[in-house]
Amino acid sequence: MPGLLRGVARTAVVAGTATAVSNRVSRRQAGRWAQQEAQQEAQQSAAAAPQAPSQPPPAAAAPSMEDKIAQLKELGTLKDQGVLTEEEFAAQKARILGS
C-alpha cells in the first residue's frame, strides 16, 4: 500500500509541475504576441498619420502658492495618519516645493 500511495503522490507532483510550467509558457507567449501586435499597430498608425510639423506641447501652468500649501497640508495629514512614511513625506514635499 505505501508503494501505491508514493506512486500516486509522485504522479500528482509531476502533473502539477507540468501544468504550472505549461501555464507559464502560455502566458509568456501571449505577452510576446500582444507586444508584437502593439508594435505593429504603432507602426501602422505612424505610417497612416499625416506628417505634421512637430510642435512642443503647451506649457503647463505652474501651481500657485495656495495649491502648494494645500498639497503640503494634505501630505501632513497623510503622514499623521500613518499612510506616508517620513521618507515618502520628504520626497513628496521636495517634489511639490521644487515644481
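Residues numbered from 1 in each chain as written. Predicted model: local features only at pLDDT ≥ 70, side-chain atom pairs only at ≥ 80, totals over all residues. Heavy atoms only, no water.

**Q** Would you mind showing me how to read the overall build of the protein chain here?
**A** Counting secondary structure elements, the protein chain contains three helices and zero strands. Listing the helices and strands of the protein chain from first to last along the sequence gives α-α-α. Of all 99 residues assigned to the protein chain, the portion counted as buried reaches 6%. When the accessible area of the protein chain is evaluated, it comes to approximately 8,500 Å², of which 59% is carbon and sulfur surface. (Helix = DSSP H or I, 4+ residues; strand = E, 2+ residues; numbered from the N terminus. Buried < 20%, exposed > 50% of the residue type's maximum accessible area, 1.4 Å probe, protein only. Areas by Shrake-Rupley, 256 points an atom, 1.4 Å probe, with all protein chains shown as cover.)

**Q** Teacher, can you tell me more about the packing of aromatic side chains here?
**A** In total, this model carries zero aromatic pairs according to the counting rule given. The ring of Phe-89 has Lys-79 lying over it, and the distance from NZ or CZ to the ring centre is 4.8 Å. (Phe/Tyr/Trp six-rings, centres within 6.5 Å; stacked < 30°, edge-to-face > 60°. Lys NZ or Arg CZ within 6 Å of the ring centre and 35° of its normal.)

**Q** How should the environment of Leu-72 be read in this particular structure?
**A** Structurally, Leu-72 can be placed in helix 2 (residues 65-81). We classify Leu-72 as partly exposed; its relative accessible area is 24%.

**Q** Sorry if this is basic, but what is going on with the pattern of salt bridges here?
**A** Note that side chains of opposite charge can pair when their charged atoms are close. The full count for this structure, using the stated rule, is one salt bridge. With its nearest N and O atoms 3.5 Å apart, the salt bridge here joins Glu-86 to Lys-79. When its relative accessible area of 47% is taken as the criterion, Glu-86 is described as partly exposed. (Salt bridge = Lys/Arg side-chain N within 4 Å of Asp/Glu carboxyl O.)

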